[in-house]
Amino acid sequence: MTSPALLPVHRMSAEIAAGRLSPVDIVEDCLARTAKLEPKLQAYVSVWDKDARAAAEAADKAIKSGHRVGPLHGIPIAVKDLVEVEGKIALGGTAAWKNRVATRTATLYRKLIAAGMGVLGKTHTVEFAYGGWGTNQKLGTPRNPWDAAVHRTPGGSSSGSGVAVAARMAPW
């Protein structure tokens, strides 16, 4: 089988359901790609490798024991740094919030977790997600992975997420 991180999400889901692919293998492949590519691409603000591995192991056990909660169960995801997770830093793309710990968890995040997804980490955004170019002069601008020779804008306030998916550091 090809590298799990290179599969489209619908194939990942089908392979997990058929017992031919483990969420652990997908997460490990995504984390290995991230370790290799992140220093150059700067898609992530933070990588939650321990959390992602724990979620993948839990999903794998649940699925193997017949408790698959749906087609996204075991699929890892990267979330934009605007999404608050209680107890985690939520930068929102601004250096002014470098020590801001979220006191609540966003409904979006709760729904992703309820669907069985595991989170690989948080991705760069422009300051307060207010901008269309994807550049962030204070916290760093992700690099477009399709042309490493020239620093091209990755576009939009979800620039880090777009780079992570395009480079297959995260399937979604």
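Residues numbered from 1 in each chain as written. Predicted model: local features only at pLDDT ≥ 70, side-chain atom pairs only at ≥ 80, totals over all residues. Heavy atoms only, no water.

Re the overall build of the chain
Next, step 1: Looking only at helices and strands, the chain has 5 helices and 3 strands in total.
Next, step 2: In terms of overall size, the chain behaves like a compact globule, its C-alpha atoms giving a radius of gyration of 16 Å where 172 residues would be expected to give roughly 16 Å.
Next, step 3: Referenced to the eigenvectors of the C-alpha coordinate spread, the extents of the chain come out at roughly 45 × 40 × 25 Å.
Next, step 4: Taking all 172 residues of the chain together, 45% fall into the buried category.
Next, step 5: For the chain, contacts bridging at least 24 residues in sequence account for 65% of all contacts bridging at least 6.
Next, step 6: With an accessible surface of roughly 8,800 Å², the chain has 56% of that area assigned to carbon and sulfur atoms. (Helix = DSSP H or I, 4+ residues; strand = E, 2+ residues; numbered from the N terminus. Rg over C-alpha atoms; globule rule 2.2 N^0.38 Å. Buried < 20%, exposed > 50% of the residue type's maximum accessible area, 1.4 Å probe, protein only. Contact = heavy atoms within 4.5 Å. Areas by Shrake-Rupley, 256 points an atom, 1.4 Å probe, with all protein chains shown as cover.)

Digging into the sheet that holds strand β2 (residues 76–80)
Strand-to-strand pairing in sheets goes through backbone hydrogen bonds, with the strands running parallel or antiparallel.
Next, step 1: With mixed pairing, 3 strands are arranged side by side in an open sheet as β1-β3-β2. Edge positions in the sheet fall to β1 (44–47) and β2, since each has one partner strand and no second. Here the average twist between neighbouring strands, direction ignored, is 35°.
Next, step 2: In this sheet, strand β3 (residues 118–123) lies alongside β2 in parallel orientation, the contact comprising 5 bridges. Among the inter-strand pairings, I77 is bridged to a residue of β3, identified as V119.
Next, step 3: Along the sheet, helix α2 (residues 23–41) contacts β1, β2 and β3; its crossing angle with β1, the most-contacted strand, is approximately 130°. (Pairing = 2+ DSSP bridges. Axes fitted to C-alpha atoms, helices over the stretch in contact; angles between N-to-C directions.)

Some details on unusual backbone geometry
Peptide bonds are mostly trans, and most non-glycine residues show a negative phi.
Next, step 1: Although it is not a glycine, A129 adopts a positive phi angle of roughly 60°.
Next, step 2: Along the polypeptide, A129 turns up in the loop between β3 and α5 (159–166).
Next, step 3: Residue R168 is not a glycine yet carries a positive backbone phi of 60°.

A look at the environment of G162
Next, step 1: Its place among the elements puts G162 in helix α5.
Next, step 2: On the basis of relative accessible area, G162 is assigned to the partly exposed category, the value being 41%.
Next, step 3: Separated by 71 residues in sequence, G162 and L91 place their C-alpha atoms 18 Å apart.

Take it as geometry only, folks, not as evidence of what the structure does.
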